[in-house]
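# An overview of the molecular structure
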Amino acid sequence: MCGIVGYVGPKSTLDVLLGGLKRLEYRGYDSAGVSVIDAKVGLQTRKRAGKLGALIEELEQNPLQDAHIGIGHTRWATHGAPNDVNAHPHLGGDHHKLSLIHNGIIENFSELKAELLNQGVQFSSETDSEVAAHLIAREFEKTKDLTSAFRNVVNRLEGAFTLLCIHEDQPDLILAARRNSPLVIGLGEGENFLGSDVAAFVAHTKRAVSVGQDEIVELRKDSVKVTNFAGTEVALSEFTVDWDASAASKGGWPSFMAKEIADQPQAVGDTLMGRLRSDGSVKLKEFAGFDAISQIDRIIIIACGTAAYAGEVTKYALEKWAKIPTSVELAHEFRYRDPIVNEKTLVIAISQSGETMDTLMATRYAKEKGAKVLAICNTQGATLARESDAVLYTHAGPEVAVASTKAFTAQITAGQLVALSLAWLRSAMPAQQLKDVGQELLKLPRQIEQVLQQGKKVKELAIELKDAKSVLFLGRNVGFPIAMEGALKLKELAYIHAEGFAAGELKHGPIALIEQGQPVIVVVPSPKGEDSLHSKVVSNIQEIKARGARVIAVAEEGDAEVTKYADQVFFIPATHPYLAAQLSVVPLQIFASELASAKGLDVDQPRNLAKSVTVE
Ligand code: M6R
């Protein structure tokens, strides 16, 4: 969850580190810090609790001598409160010559710490990370070889970690290691970079190398060597980043989230591009050579949070179009029971980051039981992508705001492409019907643009409801996961109690929550859908209206019935009932974002959260 950056080369190291941290701040923003080594001054470190701005102020008040090698960190606190002392980097050794940053959790830190305390080592922080700094420093004092000291120590650590370490006595070298936590190398000319993801260095180079599980990197300005934990050299597999730094900047928008909501026509269009032909037929080259896909008899979708809601929407398409029994599992629940998984199970793991620990661990567990894994992922070279049998990348571009928006609509779109492709492969539906759905998918980017045009009206509503204590969301069919997603967005951004219910469940309990003035946002299905639930949802609206609810509906253009009963309606263009998911979520995203802004909250970096949840 923390952001990590390293640089060695001729540029101003502070500029590179602070620029990288700015782009990685979405990963965690409880504190930030940097260490650099200058040949004359030696190792210098500055760190501060709070967002990156606090570190920049500290650097203004207490400047350090800029240098040509350094490491930087932005923290999402796990062990120890988010204060100055627990901020990274952590220093090791009696003379504090070693500096270390860490992302993840060292699970055996208590026993390692006890061992060090017995040897008289004094700790400055409450973090698990500091043990690694002291262990490496002590090992280096014995071996006088930083790389072997580092290797000896990482072999003793359990849990999840990306570690970066520099030492004053070896001022040309950054050492890095990863286990169950992301790390990418950026390759430059006479300079090299390390980052938790490519955003850390994409302003400087697009040549990147993913570091594999249990690997160590020795990074110098003109060389990169990667070995496994045993010391055997491994080949580098280079890839080119397909977006540039401007894609990860706000570009004039008030927040990354506002920009990313507006990016959705492009995110969905790019995800469809090259996969859906103009006649509406689908062929996924990602399935070439993935022969096991024709043998599967059930699908389990594994994901967390918003990605799990994308999975819920996808489930409808997989069952209806491809006729394959499908269930959706929250990754952290799946792995801790005894799910029925075998060689005929296809696991579809959905993750924007491809680094969510719960999703990775559940996917590995399913693989061990024989399942085949297809990843739907937005991040090139991510661990999930590398560990899966096949990957369908969503081409949403970098998503920086903690609240997921464009990745969500792109994930649903990718899921629907998978469902259509499987339906084609299995001849599960008449070809013309499949082409008709494909034709509707092609219209989605333009239709999302139309929905975005209602942003101003949605903003007015958000301002009006900014003091609401609770907002309820209702939906049926694919509208149900959209209702849950709308509620999640409001909770995480505006800190308002919000819940999404299946509208049919209302009478089984939740209707008791309705009282005078209670805002309820209802995602209404199309009146024209073949299994239309429209009239049932309109009845639900009447039931809650009768009990005093303030009803805001998201409904298909021309839906006169809803207009009669709802207090306010946001319209979406007519489409296939399942594709309405990508349209009806847009006003809910804008609502949450604008309401949080109206409350004066930080839309991009809501409290207590981080973009990629790389701990369990
Ligand atoms: O990177 P992932 O898609 O695996 O992330 C999964 C969830 O942590 C993520 O969707 C989270 O729920 C977002 N904050 C929601 O906006």
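Bear in mind the structure is a predicted one, so any value in this text is a computation, not a measurement.

Each value, and the rule that gives it
Residues numbered from 1 in each chain as written. Predicted model: local features only at pLDDT ≥ 70, side-chain atom pairs only at ≥ 80, totals over all residues. Heavy atoms only, no water. Near = heavy atom within 4 Å. Polar contact = N/O pair within 3.5 Å; in protein donor to acceptor, adjacent residues only side chain to side chain. Areas by Shrake-Rupley, 256 points an atom, 1.4 Å probe, with all protein chains shown as cover. Helix = DSSP H or I, 4+ residues; strand = E, 2+ residues; numbered from the N terminus. Nonpolar A, V, L, I, M, F, W, Y, C, P; charged D, E, K, R; others polar. Pairing = 2+ DSSP bridges. Axes fitted to C-alpha atoms, helices over the stretch in contact; angles between N-to-C directions. Contact = heavy atoms within 4.5 Å. Phe/Tyr/Trp six-rings, centres within 6.5 Å; stacked < 30°, edge-to-face > 60°. Buried < 20%, exposed > 50% of the residue type's maximum accessible area, 1.4 Å probe, protein only. Lys NZ or Arg CZ within 6 Å of the ring centre and 35° of its normal. Domains from an automatic or database assignment. Buried area = accessible area lost by both parts, 1.4 Å probe. Salt bridge = Lys/Arg side-chain N within 4 Å of Asp/Glu carboxyl O. Parallel < 35°, antiparallel > 145°, perpendicular 65-115°, else oblique. UniProt positions renumbered as here; feature names shortened; annotations may be inferred.

## Some thoughts on the site of the ligand
- In the vicinity of the ligand lie 13 residues, with Ser 351, Gln 352, Ser 353, Thr 356 and Glu 492 positioned nearest.
- Between a nitrogen atom of the ligand and a main-chain N or O atom of Val 402, the distance comes to 3.3 Å.
- Burial of the ligand by the protein chains amounts to 90% of its free accessible area of 410 Å².
- Elements that contribute at least two residues to the shell around the ligand include exactly helix H8 (305-321) and helix H15 (479-494).
- Ranked by the residues each element gives to the shell around the ligand, the list is headed by H8, at three residues.
- Here the residues of the shell around the ligand are counted per class, giving four nonpolar, seven polar and two charged.

## Details of the sheet that holds strand E18 (residues 372-377)
- Strand order in the open sheet made by the five strands is E16-E15-E17-E18-E19, with parallel pairing throughout. At either end of the open sheet lies a strand with only one pairing partner, and these are strand E16 (326-330) and strand E19 (390-393). With strand direction ignored, the average angle separating the axes of adjacent strands in the sheet is 20°.
- Across four bridges, the pairing between E18 and E19 is parallel. Bridge assignment links Leu 374 to a residue of E19, and that residue is Ala 390.
- H8 rests against strand E15 (298-303), E16 and strand E17 (345-351) of the sheet, and its axis sits at about 175° to E16.

## A look at the packing of aromatic side chains
- A full pass over the atoms with the stated rule returns seven aromatic pairs.
- Ring geometry for Phe 161 against Phe 229: centres 6.3 Å apart, planes inclined by 10°, an arrangement best described as stacked. Placement of the pair is Phe 161 in strand E7 (residues 159-167) and Phe 229 in the loop between strand E13 (223-228) and strand E14 (238-240), with a sequence separation of 68 residues.
- According to the relative accessible area criterion, Phe 229 is buried, its value standing at 7%.
- Between the NZ or CZ atom of Lys 51 and the centre of the ring of Tyr 29, over which it lies, the distance is 5.3 Å.
- In this structure, Lys 315 packs its charged tip against the face of Tyr 316, placed 5.7 Å from the ring centre.

## Observations regarding the sheet that holds strand E8 (residues 174-179)
- Taken together, the six strands give an open sheet; going across it, the order is E5-E6-E7-E8-E12-E13, and neighbouring strands pair in antiparallel fashion. Either end of the sheet is taken by a strand with one partner, and the two such strands are strand E5 (90-92) and E13. Across this sheet, the average inter-strand angle for adjacent strands is 20°, counted without regard to direction.
- Note that E8 and strand E12 (residues 215-220) share five bridges and pair antiparallel. Paired with Leu 175 across the strands is Glu 218, a residue of E12.
- Strands E5, strand E6 (98-106) and E7 of the sheet are contacted by helix H4 (residues 129-143), whose axis makes an angle of about 135° with E6.

## Here's the deal with the domain arrangement of the protein chain
- Per the domain assignment, the segments of the protein chain are domain 1 (3-247), domain 2 (250-451) and domain 3 (454-616).
- Measuring from the centre of the C-alpha atoms in domain 2 to the corresponding centre in domain 3 gives 23 Å.
- At the interface, 44 residues of domain 2 touch 43 residues of domain 3.
- Interface area for domain 2 against domain 3, summed over the two sides, is near 3600 Å², with a carbon-plus-sulfur share of 64%.
- Looking at the side of domain 2 facing domain 3, the largest losses of area belong to Tyr 316, Val 402 and Val 451, adding up to 22% of the total buried there.
- For the interface between domain 2 and domain 3, the tally reads zero salt bridges.
- Across the contact surface, domain 2 and domain 3 share 13 residue pairs in polar contact (both at pLDDT 80 or more).
- Put simply, the parts of the chain that give the side of domain 2 that touches domain 3 at least two residues each are helix H6 (256-262), H8, helix H10 (357-368), helix H12 (406-425) and helix H13 (431-452).
- No other element matches the nine residues that H8 contributes to the side of domain 2 that touches domain 3.
- Per-class residue counts for the side of domain 2 that touches domain 3 are 22 nonpolar, 14 polar and eight charged.

## Points about the packing of helix H7 (residues 264-272) against H13
- Here H7 crosses H13 at 175°, and the two axes come no closer than 8 Å. One element, H7, and the other, H13, form an angle in the roughly antiparallel class. Along the contact surface, H7 presents Gln 264, Pro 265, Val 268, Gly 269 and Leu 272, while H13 presents Leu 441, Leu 442, Leu 444, Pro 445, Ile 448, Glu 449 and Leu 452.
- Partitioning the contact of H7 with H13 into residue classes produces nine nonpolar, two polar and one charged.

## Here we look at the UniProt feature "domain: SIS" (unreviewed entry) in the protein chain
- The UniProt feature table records "domain: SIS" (unreviewed entry) at residues 289-428 and 461-606.
- Segment residues 289-428 splits into 41% helix and 20% strand. End C-alpha atoms: 21 Å apart.

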